[in-house]
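# Summary of structural features
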Amino acid sequence: MEIRMLGLQELSLALDLVREVFEQDIAPSYREEGIEKFREYICYEDMSRRFQTRELYFFGAFEGEKLLGVLAGSQSGIGIWHKL
């Protein structure tokens, strides 16, 4: 397994994984308002801006070419999403 910092061209793939994990594993315990807030938070436009200004850093865990996990970090904390 390789873990490395993601490039901007991989951000969309990373956000897809984050959405998938959220919808399957986390969203069922959230109220609809919380689900919508999270969806708004991880929109590509906002995440790409934050990525490019280095407010957020994204790392990916890869098995070959397949992205299995994402870690996003900033000065205020981290978030980790992975497929089981």
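Scroll up a little and you will see the structure.
What comes next is a walk through the structure. (Residues numbered from 1 in each chain as written. Predicted model: local features only at pLDDT ≥ 70, side-chain atom pairs only at ≥ 80, totals over all residues. Heavy atoms only, no water.)

### Looking at the pattern of salt bridges
Using the criterion set out here, one finds 8 salt bridges in the structure. Between Glu23 and Arg39 there is a salt bridge, with its nearest N and O atoms 2.9 Å apart. Within this pair, whereas Glu23 is found in helix α1 (residues 11–26), its partner Arg39 is found in helix α2 (residues 32–41), the two being separated by 16 residues in sequence. Taking the relative accessible area as the measure of exposure, Arg39 reaches 35% and is therefore partly exposed. Because the salt bridges share partners, they merge into one network encompassing Asp46, Arg49, Arg50 and Glu55. (Salt bridge = Lys/Arg side-chain N within 4 Å of Asp/Glu carboxyl O. Helix = DSSP H or I, 4+ residues; strand = E, 2+ residues; numbered from the N terminus. Buried < 20%, exposed > 50% of the residue type's maximum accessible area, 1.4 Å probe, protein only.)

### Comments concerning the packing of aromatic side chains
Within the structure shown, the criterion is met by 3 aromatic pairs. Both rings, one in Phe22 and one in Tyr30, keep their centres 5.4 Å apart while their planes meet at 90°; by these two values the pair is edge-to-face. What makes Phe22 buried here is its relative accessible area of 2%. Using a relative accessible area of 41% as the deciding quantity, one classes Tyr30 as partly exposed. Centroid distance Phe22 to Phe38: 4.1 Å. Interplanar angle 20°. Geometry classified as stacked. (Phe/Tyr/Trp six-rings, centres within 6.5 Å; stacked < 30°, edge-to-face > 60°.)

### Focus on the nonpolar core
Leu11, Leu15, Met47, Phe58, Leu67 and Val70 are the most contacted members of the largest nonpolar core, which totals 20 residues. Within the residue set of this core, elements represented by two or more residues are α1, α2, α3 (44–52), β2 (57–63) and β3 (66–74). No other element matches α1, which puts 7 residues into this core. Filtering out sequence-adjacent residues up to four positions away, Leu67 remains in contact with Leu13, Ala14, Leu17, Gly60, Ala61 and Phe62. (Core = buried A, V, L, I, M, F, W, Y, C linked by side-chain atoms within 4.5 Å. Contact = heavy atoms within 4.5 Å.)

### Concerning the pairing of β2
As judged from the 4 bridges shared by strand β1 (residues 2–5) and β2, these two strands associate in the antiparallel manner. Paired with Arg4 across the two strands is Gly60, which belongs to β2. Of the pairings in the sheet, the one linking β2 to β3 comprises 7 bridges and is antiparallel in character. Its bridge partner lying in β3, Phe58 is registered against Ala72. Count of turn residues in the β2/β3 antiparallel hairpin: 2 residues, of which Gly64 carries a positive phi of about 65°. (Pairing = 2+ DSSP bridges.)

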